[in-house]
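A structural walkthrough
Each chain, written out:
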Amino acid sequence: AKNSEEKSKKAMMDAARLADELRAEQDHTNTQSKAKRALESQYNELEQRIAEASESAMHGGRTAMAKLESRVKELEMELSALQTRTNENTKVNQKAERKIKELQFQVEEDRKNQDRMSELASKLQAKIKTYKKQIEEAEEIAALNLAKYRKAQQELEETEERSRLAETQLTTVHRTY
């Protein structure tokens, strides 16, 4: 009986120890379960936040892409307008260069014409001088001839006067005889 009592005490002690271990294990399991539930809750919450962040990023990415596409279209339109203006300016520039060349050619022709006109004017001036000199010489000759003519006419008149006087005297002499 002592042996059985000891075995019984030992069995009770083992049972108490096992009960304590079981309680400790149950507490530990409960603690682990609570921790697991808390971690699962955190995990779910994080998954939800990740999903929201991903959705937000996708939405933001789509918005950013739409903005970038819009900006690309604007830049393409600006480039097209700039190319059009550049082409127009090139045409205007080429037209202006042609006009400049035409004007330079015209100025060169005008200069050549002016040189020819100046040369012609110089020749005409020389001819005018020659003609003036010839006119002056002709006037001098005409003046000399006029003076000779007047002198000859005066001499003629004097001769006619003497001739009349001589005729008058001759007529008077004939009458007296």
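Refer to the structure presented above.
Residues numbered from 1 in each chain as written. Predicted model: local features only at pLDDT ≥ 70, side-chain atom pairs only at ≥ 80, totals over all residues. Heavy atoms only, no water.

A few words on the overall build of the chain. Broken down by element type, the chain carries 1 helix and 0 strands. Compactness check: the chain gives a C-alpha radius of gyration of 72 Å against a globular reference of 16 Å for 177 residues, more than 25% above the reference. Out of the 177 residues in the chain, the part that is buried amounts to 0%. For the chain, the exposed surface amounts to about 16800 Å²; the carbon and sulfur share of it is 57%. Looking at charge distribution, the chain has the averaged site of its 34 positive side-chain charges lying 2 Å from that of its 34 negative ones. (Helix = DSSP H or I, 4+ residues; strand = E, 2+ residues; numbered from the N terminus. Rg over C-alpha atoms; globule rule 2.2 N^0.38 Å. Buried < 20%, exposed > 50% of the residue type's maximum accessible area, 1.4 Å probe, protein only. Areas by Shrake-Rupley, 256 points an atom, 1.4 Å probe, with all protein chains shown as cover. Lys, Arg positive; Asp, Glu negative; His and termini not counted. Charge placed at Lys NZ, Arg CZ, Asp CG, Glu CD.)

Evaluated as defined, the whole model comprises 11 salt bridges. Across the pair E45 and R49 runs a salt bridge, and its minimum N-O distance is 3.8 Å. Taken together, the residues E45 and R49, both in helix α1 (residues 2–176) and 4 residues apart, mark about one turn of the helix. Put simply, E119 and K123 hold a salt bridge, and the shortest N to O gap is 3.5 Å. With E119 and K123 both in helix α1 and 4 residues apart, this pair spans about one turn of that helix. When salt bridges that share partners are traced, they join D14, R17 and E21 into one network. (Salt bridge = Lys/Arg side-chain N within 4 Å of Asp/Glu carboxyl O.)

For the rest of this paragraph, the subject is a nonpolar patch on the surface. Together, M117, L120, L124 and I128 make up an exposed nonpolar region whose accessible area comes to about 390 Å². Along the polypeptide, L120 turns up in helix α1. Note on L120: relative accessible area 45%, which makes it partly exposed. (Patch = residues over 30% accessible without salt bridge, like charges linked within 9 Å, V, L, I, M, F, W, Y side chains within 5 Å.)

So, on to the environment of N113. Examined against the element boundaries, N113 turns out to sit in helix α1. Side-chain polar atoms of N113 contact the side chain of R116, separated by 2.3 Å. (Polar contact = N/O pair within 3.5 Å; in protein donor to acceptor, adjacent residues only side chain to side chain.)

A few words now on the environment of R62. On the secondary structure map, R62 appears in helix α1. It is 101 Å that separates the C-alpha atoms of R62 and K132, two residues lying 70 residues apart in sequence.

With that out of the way, let us pick up a negative patch on the surface. A contiguous patch of negative charge on the surface is contributed by E136, E137, E139 and E140. For E137, the position within the fold is in helix α1.

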